[in-house]
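# Per-entry structural report
Below, each chain spelled out in residue letters.
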Amino acid sequence: MSPRDYLGEFEQVVLLTLVRLKDNAYGMAMRQEIADRTGRDVGIGSIYSALDRLEAKGYISSLLGDPTPERGGRAKRYYRLERAGFRAIKRAQEMQAQLWDGLVLDEGAFR
Amino acid sequence: MKRWEGPPRLAEFLLILSLPSRYREQQLGDLSEAFFTLQEQQGRPKARRWYCRQILKSVIPNLRLRMRGSHRRVQNTKRHHVIDTLFGDLSHAVRGHLNRPGFAAVAVVTLALGIGANAAIFSVVNGVLLRQLQLENPQRLVDVEVSSGIGGGSDFSLVSEPEYLDLGHQIGSFAQVAAYRGSEVTIGDSSSTRRVRVLKASAELLPLLGVEPLLGRYFTLDEDRPGAEQFPDVGSVLVLGYEMWHTDFGGDPGVIGRRIVAGDQSVTIVGVMPDGFEFPDAGWQAWTPLQLDRTDPWYRNNHYLSVVGRLAPEASIEEAQNEVDILAARSTADHSEYYPDPGCRFRLRPFQSRVVGSIATPLYVLMGAVGFVLLTACVNLANLLLARGEARKREIAIRHAVGASRIRVARLLLIESLLLAAVGGAVGLIVADLGVDALLALAPAGLPRLNNIGVDNTVLVFSTAIAVATGLTFGLLPALRSASVSPADSLKRGGRAFSGDRAGNIVRRVLVSSQVALAVLLVVGAGLMARTVLEMYGVDTGFDTTGIAKFRLHPSGAKYDTPQSGVTLYGEIINRIERLPGVAAASATSSPPLSELGWGRISIVIEGRPAVSIGETPAERVEHITPGYLETIGITLVRGRAFTNADDINSLPVVVINESMASAHWPNEDPIGKRFRVHGDGAPFMEVVGVVRDVRHLAVNQEPSARWYVPHAQAYESAYTSPLSMALLVRSETDIDAMIPTLLEAVRTVDGSLAISRVLTLDQVFSGALKSERFVAILLVLFGAMALVLAAVGVYGVISYAVSQRTHEIGIRMALGAKGSSVLVHVMCEGLRLTAVGVVLGLLAALVLSRVLSSMVFGIDPTDPATYAGVAVALCLVALLASLIPARRASGVSPLLALREET
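Not measured: the values here are computed from a predicted model.

## Focus: the overall build of chain A
Scanning chain A from terminus to terminus reveals four helices and two strands. Counting over 111 residues, chain A shows a buried share of 30%. Sequence separation of 24 or more characterises 47% of the internal contacts of chain A that already satisfy a separation of 6 or more.

Below, the structure written as structure tokens:
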């Protein structure tokens, strides 16, 4: 991937949540984590849409787990961060840090 | 039928449709896992709502996922000929819509609401009206009613015992005739009691209905005899309903032969009815023998039985009606004392129409209304597509130019419409699923066959059909028009119509006018029903409802075996309740207003006016009350006095009458001091001591009728009987809801074994009585609002399109000196003209169709001029507003820019 490819805001949310959940990163767990942490009640479809994009870019990879009865006999797909994804998220963090560097944002800023 | 435990299947199906196969497994799994967790924690309805919301949110991202996948595939395989197939058109249509998400979203939302609302209402109509009763050949069942002419009335109502027996013996068109009546029985002994609704039926009933018991047997003719319980080998018997078998006996198959205490006597359970057996409607928990005396029936003037007959093979309901007409004439001749002019008449109706009763008309009205909403939505979409067709002329022309046939182009456009309709329909099904829940929450309590209502296969077929019909309705016209474009012309003009396409404009105008007409129709209906509800809330019922609680007590007849013991019991209970802090007044009545049928008419003999026969005597409704009743419920005393505790069995019999009764029997006379007695030998005369204002006792929208009140403490001497089961009414100075537990506790301290039922506040009773009208009104207002918004959008669309087409012309006018304000007025007038045609048509249609509402409106005429005028003005205002935006745009046209555009 070219270094010009920046992560979208929601992609960042999804990637960070994925890292945070470690071995338990699958769709519904991520949805719940995002809802708990950010208060955003997103649809499961949006999560998979973002994951699909990230996987296509090679940032993450996935693995199908075993089916369980409480899921109506259907399997989970677990996601894992890849090196390219690691670099992308680092890049996003650095960019943020640089943008914030030395900046004081107070009520006066928007006058 | 076992209830489905998993996630809503419809929603799941929609998800599967929207999902690419490679994501199906995990997304469905994720959702059902979360669904089950949520269901366990917060209950099924909440989990269902959450699930449906999730799916609605996910449809668009999932479709995007799907597109991404198919792009990849097309790129990989380079199968360009795919575009020549139907699937190619489809995916082209999908992409086309995704490229113009605004239009697609508007269309899908409009359709989803339209189709969803239709499917939801249809689910109710289907469950209540269309689905067959679960009985053998239910269309051969006939409901029988009689009109005896007593009291000068011509209402068809219940049947007396001799009449029922005549029907059974003398009518050859009936294979069998059965009689039944509803009752309530206290089940259990003194330790724990509860009230159960039991249907007392003659032994013919089940064989007639053709339903076999699930376990055991139905009762026999021997058991259906008076005094049968005294024979030890027969005893009194009971057949359990499926639900009661489960709730009270845990579905134990060994229940047959067990004895339980019901209504103070020991009865034997002989059978269990299968699941889903409802007769005559839902809510009956058990069946016992009616035990009427067939050799010595009760008087002909005691009408208390419901009768159902099964037509004999080959016989028609008309033949049966002819036969009962002859029977009626003979009965009138033989027993003229019971059948004053116009004499005895029978009415036969298909049994199903009795079950659905008065709900059929409102449901069909709603079905029609919601159909009109969908039609309005279709018109809107057709207009949108037509306008888009103009904008796409160039694209279409190029398609023609590169060799696409007209049919191909029309097919593509039609597929676009059908795709919108399909997605709209699928989302609409979710709307319907949620909508049905909302409808049932809103529905009147008496909605029959409630368990039958839901989104089932019939509803699915119906929704699919209307989705396809919708897609064709709004897609066909634009598709045909676009396909008929001459490519050369369009390309020459560079895709920009010079002064608009005349024919296209006329079509659009006709469409919008018809839309306005439909909106007028719906808003008039909504207005009439909304005013009906307001009128009903505003009507003076003659009694108070605030701060009053009501509950019925059912003392055991074995324990209170003398009339006086019942009177004493109620005295004690009222005494105790009155002493509770916060209680302003307490009393008891045999029939509280607006709630139960209560007591029927009793024949009376007025002093000095001897009656020849019972048929000639007046008959009026009676209510047994305790002192303080008038005060508790706020009925105004007009003359004389109310009852006191001194009006007991040892004092002179007294009675209080209402104004209707006073003017009916003592017009232009002072009724105080007049005397009358109940029909029959030895009844003492009662003296009228007071006159009270009329009360709308039976229904809010029913005129008050004559009524007399008799003291509970005297009634067993003066009016046949003092009922043992009475409703207690308590008026509180503080919060009545909080007080109810204390009241019930106080009752139990007097007698712990009393069964108590129907605990409600009178406010709840009152709003329950209006529920049916409110149900129709709320839905019609909702549909009216939808139609209004759609019509406004339609007017806006057409005017705004007209303005954009005429920018050039307007520019010239303004260059020649026309003022901006005159352009504004000109454009708005055009909008108004368009609307006026629709309004006139709509008002005419409403005048014709409002007749179907006549049985439902109250307090106003279905052709109420104020409502019609108001709706007309409102529609015109909305149309003016809708055309204001394009009009402002037109008046702001810069002549220079408009003219320059041409070159």
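## Notes on the overall build of chain B
Of the regular secondary structure elements, chain B holds 27 helices and 21 strands. With 903 residues in all, chain B has 43% of them scored as buried. In chain B, of all internal contacts separated by at least 6 residues, the share reaching a separation of at least 24 is 83%.

## Here we look at the interface of chain A and chain B
Listed by partner, the interface residues are 17 residues for chain A and 22 residues for chain B. For the side of chain A that touches chain B, the secondary structure elements donating two or more residues are helix 2 (27-38), helix 3 (44-56) and strand 2 (74-81) of chain A. For the side of chain A that touches chain B, the leading source of residues is helix 3 of chain A, giving six residues. Split into classes, the residues belonging to the side of chain A that touches chain B amount to five nonpolar, six polar and six charged.

## So, the pairing of strand 1 (residues 60-68) of chain A
Residue and element names in this part refer to chain A. Sheet topology note: the strand 1/strand 2 ladder contains seven bridges and is antiparallel. In the sheet register, Ile60 faces strand 2, and the bridge partner there is Leu81. A loop of five residues connects strand 1 with strand 2, the two strands running antiparallel in sequence, and Gly72 in this loop sits at a positive phi of about 65 degrees.

## Here's the deal with the confidence of the model for chain B
Scored by pLDDT, chain B comes out at a mean of 83, with 90% of its residues at no less than 70. Segment residues 73-84 of chain B: pLDDT under 50, and five contacts once partners within four positions in sequence are set aside and those in other chains are kept.

## Some words on the packing of helix 5 (residues 101-130) of chain B against helix 11 (residues 360-391) of chain B
All names here are of chain B. Interhelical geometry of helix 5 versus helix 11 gives an angle of 160 degrees and a closest axis separation of 9 Å. Classified by the angle their axes make, helix 5 and helix 11 are roughly antiparallel. Helix-helix and strand crossings are classified by hand; for helix 5 and helix 11 the assignment is left-handed. Classifying every residue of the contact of helix 5 with helix 11 by side-chain character gives 21 nonpolar, five polar and one charged.

## Structural notes on the pairing of strand 12 (residues 583-589) of chain B
Residue and element names in this part refer to chain B. In terms of burial, strand 12 is a largely internal element, six of the seven residues being buried. Pairing of strand 12 with strand 20 (residues 726-732), which is carried by six bridges, proceeds in the antiparallel orientation. Across the sheet, the residue bridging to Val583 is Ser732, located in strand 20.

## Some points on the environment of B:Ser21
Within the secondary structure, B:Ser21 sits in helix 2 (residues 21-42). Overall, the presence of 9 C-beta atoms within 10 Å leaves B:Ser21 in the exposed class.

## Concerning the packing of helix 11 of chain B against helix 23 (residues 771-805) of chain B
Residues and elements named next belong to chain B. At a minimum axis separation of 10 Å, helix 11 and helix 23 run at an interaxial angle of 15 degrees. Here helix 23 runs roughly parallel to helix 11, going by the angle between their axes. The element helix 11 and its partner helix 23 pack so that their crossing is left-handed. Partitioned by chemical class, the residues of the contact of helix 11 with helix 23 number 22 nonpolar, six polar and no charged.

## Considerations on the nonpolar core
Residue and element names in this part refer to chain B. One finds Val373, Ala519, Val520, Leu522, Phe783, Ala787 and Val795 to be the most contacted residues of the largest nonpolar core, which totals 212 residues. Examining the composition of this core, we find that 20 residues originate from one element, helix 23, more than from any other. Ignoring any residue separated from it by four or fewer positions in sequence, one finds Phe783 in contact with Ala369, Val370, Val373, Leu522 and Ala526. Core analysis: the next-biggest nonpolar cluster, separate from the first, contains 55 residues, Ile171, Val198, Val270 and Phe351 among them.

## Brief notes about the environment of B:Phe156
Residues and elements named next belong to chain B. As for its placement among the helices and strands, Phe156 is situated in the loop between strand 1 (141-147) and helix 6 (161-170). Sequence separation between Phe156 and Phe346 is 190 residues, and the spatial gap between their C-alpha atoms is 7.6 Å. Each residue touching Phe156, except ones within four places of it in the same chain, is listed here: Glu145, Val146, Ser147 and Arg347.

## Focus: helix 6 of chain B
Along helix 6 of chain B, the residues classified as buried are B:Glu161, B:Glu163, B:Tyr164, B:Asp166 and B:Leu167. Turning to helix 6 of chain B, the residues buried within the fold contact strand 1, strand 2 (174-187), strand 9 (306-311) and helix 9 (317-334) of chain B.

## Considerations on unusual backbone geometry
Residues and elements named next belong to chain B. For the peptide bond that leads from Phe279 to Pro280, omega is -10 degrees, which places it in the cis range. Along the chain, the position of Pro280 falls in the loop between strand 7 (265-272) and strand 8 (286-289). Positive phi is not limited to glycine here, since Asn137 has a value of about 40 degrees. Mapping Asn137 onto the fold places it in the loop between helix 5 and strand 1. A positive phi angle, near 80 degrees, is found at Glu314, a position not held by glycine. Structurally, Glu314 is set in the loop between strand 9 and helix 9. Of the residues examined, Glu314 has 7 C-beta atoms within 10 Å and is grouped as exposed.

## Remarks on helix 12 (residues 393-401) of chain B
All names here are of chain B. Along helix 12, the residues classified as buried are Lys393, Ile396, Ala397 and His400. Seen along its axis, helix 12 keeps its buried residues to an arc of 100 degrees; they face one direction. One or two residues past the end of helix 12 sits Gly403, with phi positive at roughly 110 degrees.

## Some remarks on the environment of B:Met814
All names here are of chain B. Position of Met814 relative to the elements: it lies in helix 24 (residues 807-815). Spatially, the C-alpha atoms of Met814 and Ser891 are 8.8 Å apart, while their sequence positions differ by 77 residues. Those residues in contact with Met814 that sit more than four places away from it in its chain are Val823, Val893 and Pro895.

Conventions adopted
Residues numbered from 1 in each chain as written. Chains lettered and ligands numbered in written order. Predicted model: local features only at pLDDT ≥ 70, side-chain atom pairs only at ≥ 80, totals over all residues. Helix = DSSP H or I, 4+ residues; strand = E, 2+ residues; numbered from the N terminus. Buried ≥ 20, exposed ≤ 12 C-beta atoms within 10 Å, placed from the backbone. Contact = placed C-beta atoms within 7 Å. Nonpolar A, V, L, I, M, F, W, Y, C, P; charged D, E, K, R; others polar. Pairing = 2+ DSSP bridges. pLDDT = per-residue confidence, 0-100. Axes fitted to C-alpha atoms, helices over the stretch in contact; angles between N-to-C directions. Parallel < 35°, antiparallel > 145°, perpendicular 65-115°, else oblique. Left-handed = near helix turned anticlockwise from the far one by under 90°. Core = buried A, V, L, I, M, F, W, Y, C linked by C-beta atoms within 7 Å. Arc of directions from axis to C-beta.

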